[in-house]
Amino acid sequence: MEFRILGPLEVVVDGQVAPIGAAKHRTLLACLLLRANRVVSVEELVDRIWDGDTPHRSKATLQTYVMRLRQVLGDPSVIRTAADGYLIVADAAHLDLLRFTELAATAQSTLASGDLPTAAELYGQALGLWRGQPLVDVPSDVLHREEIQRLVEQRLDVLERRIEVELSLGRHTDLIPMLRAVTGEHPFQEQFWGQLMLALHRSGRQVEALEAFRQVSRLLAEELGVGPGERLRALHQAVLRDDPGLAPPERAPRPSTRTVPSELPADLVDFVGRRDVADRIAQRLLAGDTNTAVPLVTLSGPPGVGKTALAIHVAHEVSRDFPGGQLYVNLRGYAPGPPMSTVDALTRFLRALGVPQSQIPLDVEEQITLYRSCMAGRHVLVVLDNAAAAEQVRPLLPGSPGCAVLVTSRDTLLGLTALQGARPVGLDALTPDEAVTLLTEMLGEQAVEAEKDAVTELAQLCANLPLALRIAAANLANRPGVANYVEQLRQGNRLAALVVDGDDEAAVHAAFDLSYHGLKPAARQLFRLLGLIPGPDFTVEAAAAVASLRLDESQRLLDRLAAANLVQQHSPGRYQLHDLLRLYAEQRTDVEENPGSKVIARSNLAAYYHHASAAASNTLSPGSVRLPVPGAGFVVTTPRFADHVEALTWLDAERANLIAAVAQAEETGPLPAAWGLADALHRYFRGHRLGNEGLATARIGLTAALRSGDRRAEAVMRQALGALAWDLSDYDEAVDQLTLALAYYREMGPDDAVIEALTDLGGVYGERGEMERAAACFEQALDVTKAVDSPAGHATTLFKLGTLRLELGDVGAAIPLLEQALAGHRALGRRYDEASCLNNLGLAHRELGRFDQALDCLHSGLDLRNELGSWDGRGSLLDTISTVYLDIDDVVRAGEYATTAIAQAREAGARRDEASALNTLARVESRRGDHELAVHHHEQALHLAQEIDNRYLEAESLIGLADAHRALGDRAQAAELAQRALVVYRSEQHPRALARARKALELALND
């Protein structure tokens, strides 16, 4: 028996969670567990169970609760009666709170002995026991007020100590993501802000360390009316002066700059048998230590035989031999619908290896090349689950020794053996002894000992297949006696004949039959309809939508299906179906559901995803969904997003399911859901640099729109494709798609869509340096805003016009336009656009020499970007801040911000921002007198600008190179470079920049 209170209350009896449904029973058990092995008085229990509202005969009622709780636990001796109360008997092996306390104490003593790595590991084990807010499902105000806060503070204390140890070990870079999450969860705990600042500083990210101090200072002032404490202020000063005392300890190992993926699913707790096969696979995977080729093992066998479970088990066993990490993907080779594409699989792997989304190529061959380059020199284990064919596997094979690949498939994949030298391993059912051992693990030794013959026959009837055995064990949890169950299995499904024929899959399906028919009708229907959900997993809300259920009904039925092992809960609130179970569910749907009900189920699911995605996107950026969200034939229960953090978290978690839903809608209908979902997700994909996913969904949406002949939907999808091409600096594609979209919008009359297409198209022209075309687009957009009531379109157009006036040097006209745009976006709650306005206002104030106002605008814009978690535009803001600090001769800060801007731009894949920041850093180096380094940075910027065909940045890089060569005394080279810049600028209609190029030429010739 195991008790868990560091999260929702759970009692595990013989490996199964024992349901404790009554709220007061849970409160009673929680009170006893919080005082484990100590007597809790009757008065205290009464007070906490009834929260001070004590009923008549409360002591007698309490006795009844204790009796019923003992019955649920199945062992009366666990809860003992004392003279004036009750106590529960538990030790650290059976109560997570005691185990947490014991591990923390051991970690502290280990730390005192100087063994920092072991202390860090022990602290991590202690914290790993926490599953969320303690006893969150126990309804007692007194308990939460007096006890839970104390537990939370204990956890925070251990967390702080663990981070201190990790910092002492030099693991500061790895800690940054955790510390950002902790400061977000506990914003008033100054000690974590200090640790975040230190980790950032030690990672060479001084600017971000200072930004963290500004953020907590503002938070404390606004929320509590106080400033940071003395310790945090002293740390801030130390960061400002780059105090040597902040450097990492000398004994600390050098932190790795590479991302180390750890993607393996959890191993089975009750994995049994397969020792010989597991050892053989492990030996072959580790053969790469003495080989120049990449070891490749193919594990094949029939469905339900346990291939995935064995592969994951072996992968965990050998993971220490692959310090570069472990990559895992389910290729869905035998799932309903199309298998995972090579592009999708490579995109996932490249992201896991630390490649920013926007730096991932769109071309599959380029992706393969980049993937193999990233894997070179690493020791990474790659697990490719459920491959349908060798063609799915080959592009995912690393090219350098040191890595290893394990593939599972129903097919033997002989093509990999012949051409790639794969070592095949076949997997059969468990041996009879292994099958009985697995049943023993799940049913308990007492049950098996009492009915040995029946258990042996049960294993035979299940063909010794792990999946069938687990289903059978789950069924037995609700049935008395193994022998009775075996009789039902034999008579009801004629399994014996199936096994004789060797039809293992039929045996598994027969086991499914008995489990399925043991469900009540509502649970059976939900199970059937779950087979219609695309994507790798689903939530309670998605299940409720596909089956037209209330959320509480959906949760109750999913709990029942999980108890029967027909669905798996792989993380809180998220479920999945085994491929065979999904196929079985679909077969049941075909037999028992009429075609109309399947259409309704798919339509309801699409409506849920559409409504939820639109709500999340509009929380991130109000008004970003351009097509109307249609009504639904049922009450759509969508998640409530309190802020952008919740919306972004939901979108990140559901991304794969939403993309799958777009594809399903295009394939099976309803077609409007394909383009509607793609539209709802468009701004999310753009704002968070998810270009590949954005392009994939927009293309599917366009296909659906073309099939239906819906011209507005086609226009919206073309606009999405154009905007994404713009983000990727593919200006020709952007112009083509946006021009088509604009033509279609104009056919339908003036509205917001025409304004948005014109401003997007003008933005592309402006970035290409075609200022007259850009101005024409913006002026046309402004005319449309006068014809239609569009506050958002008006604000956007004013922003674009203000930016254009700024680029042309008319700062006096730019500022009022940008200020009006800022006010408009603020009134509409469009915070992404607000940040963009602040950036350009900062630029304008800088041009007029108003440096304090410029920095105020720019820092406010950066705060907004950080708060929104948006990479879009962050590098540009940091770059602009750097230029202002350079203007006021603060070379140190200018260099810090420029360096951070380059890193942020590279991480976000924003190549134009990277080129601009490289030019800024080059000017910083020139100011420092290092003109050769300045030349190097300008040349990098020039190469990038030419690569993305950005003429403005190309000319700016040439001017910078001219100035640097002039400073080095090479006036001829300087004049040539300035002349090249003049040629570029003359063709790009940019008068202010043209003047800079003329000045550079004049200086080179006459200095």
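Our subject in this report is the structure included herewith. These numbers come from a predicted model, not from an experiment.

So, the side chain of Ser140
With respect to the helices and strands, Ser140 occurs in the loop between helix H5 (116-127) and helix H6 (141-168). A distance of 2.9 Å separates a polar atom in the side chain of Ser140 from the backbone oxygen of Arg48. In this view, Ser140 contacts Thr27, Arg48 and Asp51; residues no more than four positions away in its chain are not counted.

Comments concerning unusual backbone geometry
The amide bond that connects Gly669 to the next residue, Pro670, takes the cis arrangement and shows omega of -5°. Positive phi, close to 70°, is recorded for Asn37, a residue that is not glycine. Summarising the element assignment, Asn37 is placed in the loop between helix H1 (23-34) and strand E4 (40-41). Positive phi values are uncommon outside glycine, yet Ser548 reaches one of about 55°. For Ser548, the position within the fold is in the loop between helix H25 (540-546) and helix H26 (551-563). For Ser548, a relative accessible area of 44% corresponds to the partly exposed category.

Comments concerning the packing of aromatic side chains
What the rule picks out here adds up to eleven aromatic pairs. Relative to Tyr65, the ring of Trp50 has its centre 5.8 Å away and its plane inclined at 25°; by these criteria the two rings are stacked. A residue pair is termed long-range when its members are at least 10 positions apart, and Trp50 in the loop between helix H2 (42-49) and helix H3 (58-73) and Tyr65 in helix H3 qualify at 15 residues. On the basis of relative accessible area, Tyr65 is assigned to the buried category, the value being 14%. With 6.0 Å between their ring centres and 85° between their planes, Tyr516 and Tyr584 make a pair best called edge-to-face. Of this pair, Tyr516 sits in helix H23 (residues 504-517) while Tyr584 is found in helix H27 (residues 579-592), placing the two residues 68 residues apart along the sequence. The buried category is assigned to Tyr516, whose relative accessible area is 0%. Residue Tyr584 is classed as buried on the basis of its relative accessible area, which comes to 3%. Here a set of aromatic residues connected by ring pairs shows up, and it is made of Tyr516, Phe527 and Tyr584. Over the ring of Tyr516 we find Arg524, and its NZ or CZ is 5.9 Å from the ring centre.

Concerning the nonpolar core
If you look at the biggest cluster of nonpolar residues, it comprises 120 residues, and the most contacted ones within it are Phe527, Leu530, Phe538, Leu558, Leu561 and Tyr609. If near-sequence neighbours (up to four positions away) are discounted, Tyr609 is found in contact with Ile533, Ala542, Glu654, Asn657, Leu658, Ala661 and Leu677. Core analysis: the next-biggest nonpolar cluster, separate from the first, contains 80 residues, Leu33, Ala90, Val138 and Leu167 among them.

Observations regarding helix H32 (residues 711-727)
With 17 residues, H32 extends 24 Å between its outermost C-alpha atoms, agreeing within 8% with the 24 Å of an ideal straight helix rising 1.5 Å per residue. Of all 17 residues in H32, 15 are buried; the element is thus mostly enclosed. Once H32 finishes, Ser729 follows within two positions and takes phi at roughly 65°, a positive value.

Description of the pattern of salt bridges
Applying the stated rule across the entire model yields 49 salt bridges. Across the pair Glu43 and Lys59 runs a salt bridge whose closest N-O atoms are separated by 3.9 Å. Within this pair, whereas Glu43 is found in helix H2, its partner Lys59 is found in helix H3, the two being separated by 16 residues in sequence. Here the two residues Glu43 and Lys59 agree in accessibility, since each one is exposed. Between Arg966 and Asp963 there is a salt bridge, and its shortest N-O distance comes to 3.7 Å. With Arg966 and Asp963 both in helix H44 (residues 951-967) and three residues apart, the pair spans about one turn of that helix. Residue classification places Arg966 among the partly exposed positions, given a relative accessible area of 22%. Classification of Asp963 by relative accessible area gives partly exposed; the value is 31%. Within this structure, Glu2, Arg4, Glu10, Arg99 and Arg131 form a network of salt bridges that share partners.

What counts, and where the lines are drawn
- Residues numbered from 1 in each chain as written.
- Predicted model: local features only at pLDDT ≥ 70, side-chain atom pairs only at ≥ 80, totals over all residues.
- Heavy atoms only, no water.
- Helix = DSSP H or I, 4+ residues; strand = E, 2+ residues; numbered from the N terminus.
- Polar contact = N/O pair within 3.5 Å; in protein donor to acceptor, adjacent residues only side chain to side chain.
- Contact = heavy atoms within 4.5 Å.
- Buried < 20%, exposed > 50% of the residue type's maximum accessible area, 1.4 Å probe, protein only.
- Phe/Tyr/Trp six-rings, centres within 6.5 Å; stacked < 30°, edge-to-face > 60°.
- Lys NZ or Arg CZ within 6 Å of the ring centre and 35° of its normal.
- Core = buried A, V, L, I, M, F, W, Y, C linked by side-chain atoms within 4.5 Å.
- Expected span 1.5 Å × (residues − 1).
- Salt bridge = Lys/Arg side-chain N within 4 Å of Asp/Glu carboxyl O.

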